[in-house]
Amino acid sequence: MTKIAVYCMPGLAASTDIFERIELPADVFEMILLEWKIPLKGETLAAYAQRMVLEIKHENPVLLGVSFGGILVQEMAEFCKARKVIIISSVKTNTEFPRRMKIAKAVKLYTIVPTGVVSYFESLAKISLGDKINQRLKLYEKYLSIRDKSYLDWALKSVLLWDRVVADVNVIHIHGDKDEVFPIKNITNAIVVKGGTHILVLNKYKWLNENLPKLILEDSGVD
């Protein structure tokens, strides 16, 4: 039997290490870990997604993305035929953004946020978490690997300016009820994981390992 290819895209500036606890049955699935590329000058999110699709070497793959990676795989799905699109700790449209991110867009905060590594993530935390920079964010920082300023500038702008307003009903959305970046109150039509935070892929990996295979293999997606 041909294995089902599952392409995994990490979150903003994150390394593929965030998937280190995810284990899918090796006799059924092949996990391929995608890494962030440095964006080209003036590259749009759609153009970036089209370039990332060149990394897809299998027919009808599953595209799985975490946080900003979830946004990206939805854009990638516009340029390739995917068996399933699964997003974790992410959003399906910009209408699911929290109020503080909408304000950040309105005042064009992406043009003034410093993107030195430390100051950048402190500022990003204030956009996404308010002043609550807690241990969960620090744990996430452990897995950050992209330090390129052009990438950080591009990524923040691409998130805040994401223009999708109509959700793809076929997207499978997995979300924690304790997510601090994208609060559950703004999220619709998601599979809610009790106790899951924005780093659900790390702290609820057992739930994912148990349920991802079933979600991928279901013919009709989410019940």
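Report on the accompanying structure. (Residues numbered from 1 in each chain as written. Predicted model: local features only at pLDDT ≥ 70, side-chain atom pairs only at ≥ 80, totals over all residues. Heavy atoms only, no water.)

1. Description of unusual backbone geometry
Definition in use: We count a stretch as a helix when DSSP gives it H or I for four or more residues in a row; a strand needs E for two or more, and each element gets its number in order from the N terminus. For every residue, the accessible area obtained with a 1.4 Å probe (protein chains only) is divided by the maximum for its type, and the residue is called buried under 20%, exposed over 50%, and partly exposed between those limits.
At Ala13, a position not held by glycine, the phi torsion is positive, near 65°. With respect to the helices and strands, the residue Ala13 is situated in the loop between strand S1 (4-9) and strand S2 (29-33). Of note, the phi angle at Asn189 is positive, near 50°, even though the residue is not glycine. Tracing the backbone shows Asn189 in the loop between strand S5 (172-176) and strand S6 (191-193). Given the relative accessible area of 72%, Asn189 is considered exposed.

2. Thoughts on the sheet that holds S2
This is how the line gets drawn: Strands were regarded as paired on the criterion that DSSP finds at least two bridges between them. Interaxial angle, 0 to 180 degrees, is taken between N-to-C directions of lines fitted to C-alpha atoms, where a helix line uses only the stretch in contact. Throughout, a contact is declared for two residues whenever any of their heavy atoms are within 4.5 Å.
Taken in spatial order, the six strands line up as S2-S1-S3-S4-S5-S6 in an open sheet, and their pairing is parallel. Of all strands in the sheet, those with a lone pairing partner are S2 and S6, marking the two edges. Here the strands of the sheet are splayed against their neighbours by 20° on average, with no regard to which way each runs. In the sheet, S1 pairs with strand S3 (residues 62-66) via four bridges, with the strands oriented parallel. Counterpart to Tyr7 in the pairing with S3 is Leu63. Packed on one face of the sheet, helix H8 (residues 205-217) meets S1, S2, S3, strand S4 (84-88), S5 and S6 and runs near 155° to S4.

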